[in-house]
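Chain by chain, the residues:
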Amino acid sequence: MNSSLRFWNRTAKRYALRPVADPGAYQKKLEVTQSYLRPDMNVLEFGCGTGTTAFHHAPSVQRYLGTDASPNMIEIARNKLAKKPVPQLDFEVATLSRLSGKEHFFDAVLGLNILHLMSDPEETVRQVFDLLKPGGIFVSNTACMQDTRPFLRPVAVSARLLGLAPYVNFLSRESVDLSLEMAGFELAYGWVPETSPDVYFSVAIKK
């Protein structure tokens, strides 16, 4: 088990209790995402954490699979689902590589607050592309610290080495857009909330 996975397993209960950092921006992201969802869709959310966003979107689609590499995160999500059943929703401990048998299966993939936690975000975007049907959508929400606070990189490295934080990749909005373009996506929507300038929310369509 790598250090980042140990971090998320260890902090899962605290993470589940954390309030949404920017409620206004979060609500807008939910609304924009909902505008792309249809009742006949199969949707994947990877890095779903404890399932908060999954519970918002699952009732609007045919099937919604929330995955996370952290067993402790998924345990909390499943406990929430047991208390508040949503027929369309399932949770599974998995990484994108474990979904390799589902190429061209999903109508939409959500990767929220996750690309900047990946050691190879470009490969992650390519994997998402392969999982989507033609015309499928990829919704992402990414911390782009290279654009706003690049000076924090040494702090992030030290915090990770001390076990106080997970691995963080200092991405820029330009690098995210380039990853999408190189994989074969077309950007349909991009937004940086004024209240959260570190964050880049985007919707891309598989050509």
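Basis of the calculations
- Residues numbered from 1 in each chain as written.
- Predicted model: local features only at pLDDT ≥ 70, side-chain atom pairs only at ≥ 80, totals over all residues.
- Heavy atoms only, no water.
- Helix = DSSP H or I, 4+ residues; strand = E, 2+ residues; numbered from the N terminus.
- Buried < 20%, exposed > 50% of the residue type's maximum accessible area, 1.4 Å probe, protein only.
- Axes fitted to C-alpha atoms, helices over the stretch in contact; angles between N-to-C directions.
- Parallel < 35°, antiparallel > 145°, perpendicular 65-115°, else oblique.
- Contact = heavy atoms within 4.5 Å.
- Nonpolar A, V, L, I, M, F, W, Y, C, P; charged D, E, K, R; others polar.
- UniProt positions renumbered as here; feature names shortened; annotations may be inferred.
- Phe/Tyr/Trp six-rings, centres within 6.5 Å; stacked < 30°, edge-to-face > 60°.
- Lys NZ or Arg CZ within 6 Å of the ring centre and 35° of its normal.

Visitor: I keep staring at the environment of Glu-181 and nothing clicks. Help me out?
Guide: Positionally, Glu-181 belongs in helix H8 (residues 173-183). Here Glu-181 falls in the exposed class, since its relative accessible area comes to 53%.

Visitor: Teacher, can you tell me more about the packing of helix H1 (residues 3-17) against helix H4 (residues 71-83) here?
Guide: Any two packed helices are characterised by the angle at which their axes cross and by the distance between the axes. For the pair H1 and H4, the least separation of the axes is 7 Å and the interaxial angle reads 30°. Classed by the angle they form, the pair H1 and H4 counts as roughly parallel. Of H4, the residues touching H1 (which contributes Leu-5, Trp-8, Asn-9, Ala-12, Lys-13, Tyr-15 and Ala-16) are Pro-71, Asn-72, Met-73 and Ile-76. Split into classes, the residues belonging to the contact of H1 with H4 amount to 8 nonpolar, 2 polar and 1 charged.

Visitor: What's the story with the UniProt feature "domain: Methyltransferase type" (unreviewed entry) in the protein in this structure? I'm lost.
Guide: Mapped onto this structure's residue numbering, the UniProt feature "domain: Methyltransferase type" (unreviewed entry) falls at residues 44-138. Along residues 44-138, the helical share is 32% and the strand share 29%, with 10 Å between the first and last C-alpha atoms.

Visitor: How do you make sense of the packing of aromatic side chains when you look at a structure like this?
Guide: Both the distance between ring centres and the angle between the ring planes are used here to describe each pair of aromatic rings. Across all of its chains, the model carries 8 aromatic pairs by this definition. Both rings, one in Phe-129 and one in Phe-185, keep their centres 5.2 Å apart while their planes meet at 90°; by these two values the pair is edge-to-face. In this pair, Phe-129 is assigned in helix H5 (residues 121-131) and Phe-185 in strand S6 (residues 185-191), connecting sequence segments 56 residues apart. Put simply, the rings of Phe-46, Phe-129, Phe-138 and Phe-185 pair up and form one aromatic cluster. A cation over a ring is seen here: Lys-28 above Trp-191, with NZ or CZ 4.1 Å from the ring centre. One Lys or Arg, Lys-102, reaches over the ring of Phe-105 and ends 4.6 Å from the middle of that ring.

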